[in-house]
Amino acid sequence: MAAQFGIIPENIPGKPEPFNLRVPEQDIADFRQLLKLSKIGPATWWNQHKDHRYGVSREWLSQAKEAWLSNFDWRKHEERINKFPNFKMDVKDPEAGHINMHFIALFSAKKDATPLVFLHGYPASFTEFLPVVELLTAKYTPETLPYHVIVPSLPDYGLSGSPSENIEMTVELSARIVNQLMIDLGFGEGYLAQGGDLGSLIARILSAEYKECKAFHVNMLDPTEAPPSYDGVSAEELAILKRTEAWRETGMAYALEHATRPATAGLAIASSPLALLAWIGEKLVEWVDPRAPLPLDTLLATVSLYWFTDSFPRSLYHASVLKFFMPGQRLPTSKEKPLGYSLFAHDLAVLPHAWAKQVYPNLKFFRMHAEGGHFASEEQPEAFLEDVEEFAGAVRGLFGAE
């Protein structure tokens, strides 16, 4: 039983409260009515293409809408979430005030367990780590689990709260709130951060700005400065770089819209479940290894969670990082604390091994995977977890364990 992992360590500063997710029946009924009445636009030259060059096709959207109405069972996904210990806890930030943070936790009974926080990205949620949590609860008991595993809904995402509408959420503020969450859970002596997409950006900021973060592992990484030469880059890595460059040329428009017009994008896309499905579904279809796409049911669960939690208009701060990159600024990233990097070949931003070693002298772990894409913890959970555990073992000494 996963519930046995929910015993909260004694004498922690915060006060986490058990939480059980259940969307009201009326919300589900309203959603279904809105979806049913949502109109699919007319056929055009662009939306007849099925190769994603112009986004989702009309055929895909029509079929996904029908599946959402006819075959999708939200309660089944709630049950999967509620199998694990869920909590909510108020976290106080000097700027944002009190933020009600949601997280799944697997607490270890081991005195020397390594605190490990998994940080999701966009357009995902804490649920992208459910396959990893399932693997951990199958592999360990509370007495043998080497980690305290914390899987939060990031601030302004999913089941976590928001600051006042008078406060702009940023990647930096989100990182500060996550750090305070870990302190309030009793991990002020040190923790390991793991993330992809937005989660990788937050992990990098945590590594640079907060002493409590002792090491970090990411599955998305790009250089903080001009890339080195192509010497030492393998043919396979060159092919991956070519693919990511093509994506930058044709797939980045959404991020510019999110970064520069979040009000318009947030209000428009959040007005209809079908609009949300098209906008988010495009990424969940395109950003994976095309040889092993995510099941449609998984995709619909992600979009449903965004809908039921009003996540989309709140979540757009993920793209604010472009304000760093467009003027040539760099995202704060430690070059001293141990770094682990797992490169999945079909991700959107990658760093070849030779470059990673030159740019980050603190690189302690690297592994390239020929399979998997942007949502590695869902696409390749076994390989993903193996990497994280190997890195965690390599840095275990930082947490008072041998």
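Residues numbered from 1 in each chain as written. Predicted model: local features only at pLDDT ≥ 70, side-chain atom pairs only at ≥ 80, totals over all residues. Heavy atoms only, no water.

Caption draft 1: How the structure looks around the overall build of the protein chain. What the protein chain contains, in helices and strands, is 16 helices and 9 strands. Computed over C-alpha atoms, the radius of gyration of the protein chain comes to 20 Å, within 12% of the 21 Å expected from 2.2 N^0.38 for 402 residues, which places it in the range of a compact globule. Reported as C-alpha extents along the three principal axes, the dimensions of the protein chain are approximately 65 × 55 × 40 Å. Within the protein chain, the proportion of its 402 residues that are buried is 58%. (Helix = DSSP H or I, 4+ residues; strand = E, 2+ residues; numbered from the N terminus. Rg over C-alpha atoms; globule rule 2.2 N^0.38 Å. Buried < 20%, exposed > 50% of the residue type's maximum accessible area, 1.4 Å probe, protein only.)

Caption draft 2: Looking closely at helix H9 (residues 262-269). Within the sequence span of H9, burial applies to Ala 265, Gly 266 and Ile 269. What you see down the axis of H9 is that its buried residues fit within an arc of 95°, all on one side. Of the exposed residues in H9, those oriented more than 90 degrees away from the buried face are Ala 263 and Leu 267. Looking at the buried positions of H9, the neighbouring elements they touch are helix H8 (253-260), helix H10 (273-286) and helix H12 (311-315). (Arc of directions from axis to C-beta. Contact = heavy atoms within 4.5 Å.)

Caption draft 3: Region of the structure containing the sheet that holds strand E3 (residues 97-106). The sheet built from 9 strands is open, its strands ordered E1-E2-E3-E5-E4-E6-E7-E8-E9 with mixed pairing. On the outer flanks of this sheet lie strand E1 (17-18) and strand E9 (363-373), each paired with one strand and no other. Pairing of strand E4 (residues 114-119) with strand E5 (residues 147-152), which is carried by 4 bridges, proceeds in the parallel orientation. From the neighbouring strand, Val 117 faces E5, where its bridge partner is Ile 150. Sitting on the sheet, helix H4 (residues 130-139) touches E3, E4 and E5, and the angle it makes with E3 is about 45°. Running at roughly 155° to strand E7 (residues 213-218), helix H6 (residues 198-209) makes contact with E4, strand E6 (191-195) and E7 of the sheet. (Pairing = 2+ DSSP bridges. Axes fitted to C-alpha atoms, helices over the stretch in contact; angles between N-to-C directions.)

Caption draft 4: Just the pairing of E4, in detail. The buried count for E4 comes to 6 of 6 residues, which makes it a mostly enclosed element. With burial as the criterion, each face of E4 is covered, one bearing Thr 114, Leu 116 and Phe 118 and the other bearing Pro 115, Val 117 and Leu 119. Running through H4, the crossover from E4 to the neighbouring parallel element E5 is right-handed. (Right-handed = clockwise from strand over helix to strand, strands pointing away.)

Caption draft 5: Representation of H10. The terminal C-alpha atoms of H10, which comprises 14 residues, lie 19 Å apart, in line with the 20 Å expected from a rise of 1.5 Å per residue. When the local axis directions of H10 are compared, the greatest deviation, roughly 30°, occurs at Ile 280. Along H10, 10 of the 14 residues are buried, which leaves the element largely enclosed by surrounding structure. Of the positions making up H10, those classed as buried are Pro 273, Leu 274, Leu 276, Leu 277, Ala 278, Ile 280, Gly 281, Glu 282, Lys 283 and Leu 284. On its buried face, H10 is in contact with helix H1 (25-37), helix H2 (58-70), H8, H9, helix H11 (296-308) and H12. (Expected span 1.5 Å × (residues − 1). Bend = angle between axes of the 7 residues up to and from the residue.)

Caption draft 6: Region of interest: the packing of aromatic side chains. Inspection of every chain in the model, using the stated rule, returns 19 aromatic pairs. Plain terms: the ring middles of Trp 74 and Phe 308 are 5.3 Å apart, the flat faces sit at 55° to each other, and that makes the pair tilted. Of this pair, Trp 74 sits in helix H3 (residues 74-82) while Phe 308 sits in helix H11; the two residues are 234 residues apart in sequence, bridging distant segments of the chain. Owing to a relative accessible area of 5%, Trp 74 belongs among the buried residues under this scheme. The buried category is assigned to Phe 308, whose relative accessible area is 17%. (Phe/Tyr/Trp six-rings, centres within 6.5 Å; stacked < 30°, edge-to-face > 60°.)

Distances and angles like these do not, on their own, reveal function.
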